[in-house]
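Coordinate analysis (summary)
Residue-level listing of the chains:
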Amino acid sequence: MAERFLANVGHALIFKGDEFVGQSTVLTENTFSFSASPNEVRGGKSNPLLGRWFSDSTLNVTLTNATFKLEYLAWTLGTTIEQGGTSIYESGAAGETIVTAGSIELVNKPASFNGTMLGWYKKPGAEAWSIGAISEVSGKYYMAINGSKVNEVYCIKYPYMDENARMMTIPADFNPDELHVVIINDLYNADVNKDSGASVIGRLITDIPRLGLDPSQDLTLNATSSAPTQLSGTAFRYTSGESCAEEAVYGTMTEQVFGDKWQDAVVALAAENSNMELANGETETAIIRVVYGNNVASQRKDNSNFTFTKVSGDASVDNKGVVTAAAADSVISVTLTGYANVEPAYIYVTVG
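Everything quoted here is computed from the prediction, not taken from an experiment. Positions within a chain are numbered from 1, following the residues in the order the chain's sequence is written. Only residues with pLDDT of 70 or above have their local features reported here, since the model is predicted, and side-chain atom pairs are shown and tallied only from 80 upward, although totals for entire chains, interfaces and linings are computed over all residues. The basis for every side-chain value is the complete set of non-hydrogen atoms in the structure, without hydrogens or water.

1. Some remarks on the overall build of the protein chain
Filter applied, for reference: Runs of E in the DSSP output that reach at least two residues are strands. Runs of H or I that reach at least four are helices, and both are numbered from the N terminus. Atoms counted for the radius of gyration: C-alpha only. Globule rule: 2.2 Å times the number of residues to the power 0.38. Burial here depends on accessible area, computed with a 1.4 Å probe over protein chains only, as a share of the maximum for the residue type. Under 20% is buried, over 50% is exposed, and the range in between is partly exposed. Two residues qualify as a contact provided that any one of their heavy atoms is within 4.5 Å of a heavy atom in the partner residue. Under the convention used here, a 1.4 Å probe and the Shrake-Rupley method define accessible areas, while residue burial counts only the protein chains that appear. By the counting rule applied here, Lys and Arg register as positive and Asp and Glu as negative, while His and the ends of each chain are not counted. Charge positions come from single atoms, namely NZ of Lys, CZ of Arg, CG of Asp or CD of Glu.
For the protein chain, the count of helices and strands is 1 helix and 26 strands. Taken over the C-alpha trace, the protein chain has a radius of gyration of 35 Å; the compact-globule value for 352 residues is 20 Å, which it surpasses by more than 25%. Taken over the C-alpha atoms alone, the protein chain extends approximately 115 × 60 × 45 Å along its principal axes. The buried share of the protein chain, reckoned over its 352 residues, is 33%. Across the protein chain, every contact between residues at least 6 apart in sequence was considered, and the portion connecting residues at least 24 apart equals 63%. About 21,000 Å² of surface is accessible on the protein chain, with carbon and sulfur atoms providing 49% of the total. Both charge centroids of the protein chain, one from 23 positive and one from 40 negative side chains, sit 5 Å from each other.

2. Digging into the side chain of S103
Position of S103 relative to the elements: it lies in strand β8 (residues 103-105). Residue classification places S103 among the buried positions, given a relative accessible area of 18%.

Structure (C-alpha cells):
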C-alpha cells in the first residue's frame, strides 16, 4: 500500500434531513475528536488490574469558517432566517436638506423602535441627538424636526424594514439544531516509489448523519482581525437498519485513493461453501470471500470477479460459479481474475 498523509482543511457539505442546506468551502479548521472513558476491573491479592472496559464514547466535530455565516448562528440557536429585516438609515456626509419647515420626508418605510415610530436628528457638528416623532401622511412618512427651516441641513437616523435583508430572531430559550455533515479532506502522496506526478492522490470522506450542535457561538470582533463563524457539536448514535445486530455507530470515514482497485489489496480467497456434498447432477453456487490485508474485513464478492477451474474429477463449473456434480468426487479452484499472485481458494465436491 502506498504511503499517504492527511493535511490541510477540507470542505463540508451540510444537510438537514434530506435537504442540502449549505456548504463550507473556506474553512480554517476542521477537527475530529474521539474519546471514551476507561473503567477498570480489579480483584485478588494486591488488587491488580484484570482488565478494562470503556463507556461514554464521544465524537466531537468542529468546523471553523473564515467568512461570516448567518446560517451557523441560526442552526446553533435553533432558530430560522427570514427574508426582510430591520435596518438603520443613517444620513450620508452631505446630510438631508429641509424642504418643508418643521419636518423631513423619509425615503424608507420606517420600523418601530421599542414599539414607537421615532428617529433621531441633529445639525452637522452638533453633539446631542434629539428624538423626532415619525408620522404617516397620505402614504408618506415624515420625521418631525422642531424649529427646522427650509434649506437647512440635518443628520438623521431611523429604523426601517429592508425587504432585501435577512433576519433571525435570537431566542431566549434556544435548542440547537441537529445536522447531517459530510467533511471531505485531501490525501497527499508520501511514497517516493509511487509513479505519479500528482500531490493530491485521494480523499478522506467523513460522514456524520447526526451532529447535535453545541449551544455556544462566539463572535469576537477587533480592529485587526475578522470574526470567523464556527459549527461545533457532538455526534449522536444511529442505526442503519442494515444489520441483524443493529450496531449503533456515529458515522463513517472513507479513504478514497484515486486509481486504486480493491483487487490490489486482496491477499487470498476463501470459499464459504468449500465442502459441497451433492448428489449426481445436483448443483450449488460457490460463495467466495476475498481476504484483505491491513486489518480490513473480508468481503463477499460477485462471482463475475473470479475464474473457476476444475482441477480433478468429473464435476463441471461455469463462469458464474455454479458447480454441477457428476459421478466422482472433484476439486474446483477459484482464482481472482487477472491477479495470479493472490492465493486461490478450493472447493471440494463430494458425491453422496
